[in-house]
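Fold and contact review
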Amino acid sequence: MNYAWEAVLQAEKNGIDRNALRFIEAYNPSPYMEVSVTDLNVDCPEDEGIEINPLYRLQDVFGMLFDRNIEGMEQTRALLFDICMHYIVQLDLREGLSREDYYCKLAENDIKSGGYGLYTAKRFALFTKSEQKTMLRSYLQLLKTGNYLEEFRKALIRIYPHAFIYENNETVYELLVYLGVQETRTERERVTFLREMFLPVQETVHWFYERHFGIIGVDETMKVDEMVIF
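All residue numbers refer to positions counted from 1 along the written sequence of the respective chain. Only residues with pLDDT of at least 70 are given local features in this predicted model, and only at 80 or more are side-chain atom pairs given and counted; all residues enter the totals for whole chains, interfaces and linings. Each side-chain value is worked out from all heavy atoms of the structure, with water and hydrogens disregarded.

Some words on the packing of helix H4 (residues 99-112) against helix H6 (residues 129-145)
Stated precisely, the cut-off is as follows: In this analysis an axis means a line fitted to C-alpha atoms, helices contributing only their contacting stretch, and an angle means the value between N-to-C directions, from 0 to 180 degrees. Think of it this way: any DSSP run of H or I at least four residues long counts as a helix, any run of E at least two long counts as a strand, and we number them from the N terminus. In these notes the angle categories are as follows: under 35 degrees is roughly parallel, over 145 is roughly antiparallel, 65 to 115 is roughly perpendicular, and the rest is oblique. Here a residue-residue contact requires only that any non-hydrogen atoms of the pair lie within 4.5 Å. By the convention adopted, Pro, Cys, Tyr, Trp, Phe, Met, Ile, Leu, Val and Ala count as nonpolar, Lys, Arg, Asp and Glu as charged, and the other residues, Gly among them, as polar.
Across the interface, H4 lies against H6 with an axial gap of 9 Å and an inter-helix angle of 105°. Compared by their axis directions, H4 and H6 come out roughly perpendicular. For the pair H4 and H6, the contacting residues are Glu100, Asp101, Tyr103, Cys104, Ala107, Glu108, Ile111 and Lys112 in the first and Lys129, Gln132, Lys133, Leu136, Arg137 and Leu140 in the second. Among the residues forming the contact of H4 with H6, the class breakdown is six nonpolar, one polar and seven charged.

Shown next as structure tokens:
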């Protein structure tokens, strides 16, 4: 966790929103690191305040702008420093951004702003950052190819590694999905998001959470108290 952008990514993995972070000019920084920490073993910010050495790689920019020999307007200087670092971190994180990443960000903003409905935005927030990215990539691929079953399968398996998807050959547009997780209100909301985001309206999905449904002839699924009847 040497650079400010690394600290931001680690903070987001721990559930801290990027906009809630505050960049603070370190009083006694290390000349060998941009992020100033007392414990070098720490791999993520301990709170929302991140101390930064502004001269580590930005001396030409910050050397005169935040000269400590100039006194006065401390609060304004602190606010300006925070704003500048937020902007610089954004530039750092956009370096090497692919076109797919850019489109994923646009789709994410549309979902979060309610463009797909308020309930969809709330359900989207129930997924982790990594899960959201996985779904967005599959969703973009769906828009390109139109292969909704394949992209639904990819997104589902990546989020629920123990899941199985069965297509009913006797009934058109009917899927049976075993998730392998405990049934909770949150999980019901999450799978509703996947259903509405990837599958057409006419598709019927039967969800099975902790217990698999019994399949005649498959002994592993025909265990008493470990299966449900469909």
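Let's talk about the pattern of salt bridges
What counts is decided by this rule: By salt bridge we mean one thing: a side-chain nitrogen of Lys or Arg within 4 Å of a carboxyl oxygen of Asp or Glu. Relative accessibility decides the category of a residue: with a 1.4 Å probe and only protein chains considered, values under 20% of the type maximum give buried, values over 50% give exposed, and everything between is partly exposed.
In total, this model carries 15 salt bridges according to the counting rule given. Arg18 is the partner of Glu12 in a salt bridge, and the nearest nitrogen-oxygen pair spans 2.8 Å. For Glu12, a relative accessible area of 16% gives the class buried. Overall, Arg18 belongs to the partly exposed group, its relative accessible area being 21%. A salt bridge links Glu108 to Lys129, with the nearest nitrogen and oxygen atoms 3.8 Å apart.

Here we look at the confidence of the model for the protein
Threshold: Per-residue confidence from the predictor is reported as pLDDT, which spans 0 to 100.
Of the residues in the protein, 87% reach a pLDDT of 70 or more, and the chain-wide mean stands at 83. In this model, residues 216-227 is a region of pLDDT below 50 whose contacts with residues beyond four sequence positions or in other chains number 15 contacts.

Some details on H6
Short version of the rule: Helices are assigned an expected span. That span is 1.5 Å times one less than the residue count.
The first and last C-alpha atoms of H6 sit 24 Å apart over 17 residues, in line with the 24 Å expected at 1.5 Å per residue. Listed as buried for H6 are Glu131, Gln132, Thr134, Met135, Leu136, Ser138, Tyr139, Leu140 and Leu142. Buried residues belonging to H6 abut H4, helix H5 (118-124), helix H7 (148-159) and helix H8 (185-198). Looking at the residues trailing H6, positive phi occurs at Gly146, about 80°.

Notes on the side chain of Thr120
Within the fold, Thr120 resides in helix H5. Residue classification places Thr120 among the buried residues on the basis of a relative accessible area of 10%.

What to know about the packing of aromatic side chains
What counts is decided by this rule: Stacked, tilted and edge-to-face are the three classes applied to pairs of Phe, Tyr and Trp rings, where Trp contributes its six-membered ring and a pair requires centres within 6.5 Å; stacked means planes under 30 degrees apart, edge-to-face means over 60, and tilted covers the rest.
Applying the stated criterion across every chain, the model contains 10 aromatic pairs. Here the aromatic rings of Tyr102 and Tyr103 are separated by 6.0 Å at their centres, their planes lie at 50°, and the arrangement is tilted. By relative accessible area, which is 47% here, Tyr102 ends up partly exposed. An angle of 40° between the planes, with centres 5.7 Å apart, marks the rings of Phe124 and Phe193 as tilted. Here the residue Phe124 occupies a position in helix H5, and Phe193 occupies one in helix H8, the gap between them amounting to 69 residues. Residues Phe124 and Phe193 agree in their burial class; the two are buried. Members of the aromatic cluster, connected to one another through ring pairs, are Tyr3, Trp5 and Tyr56.

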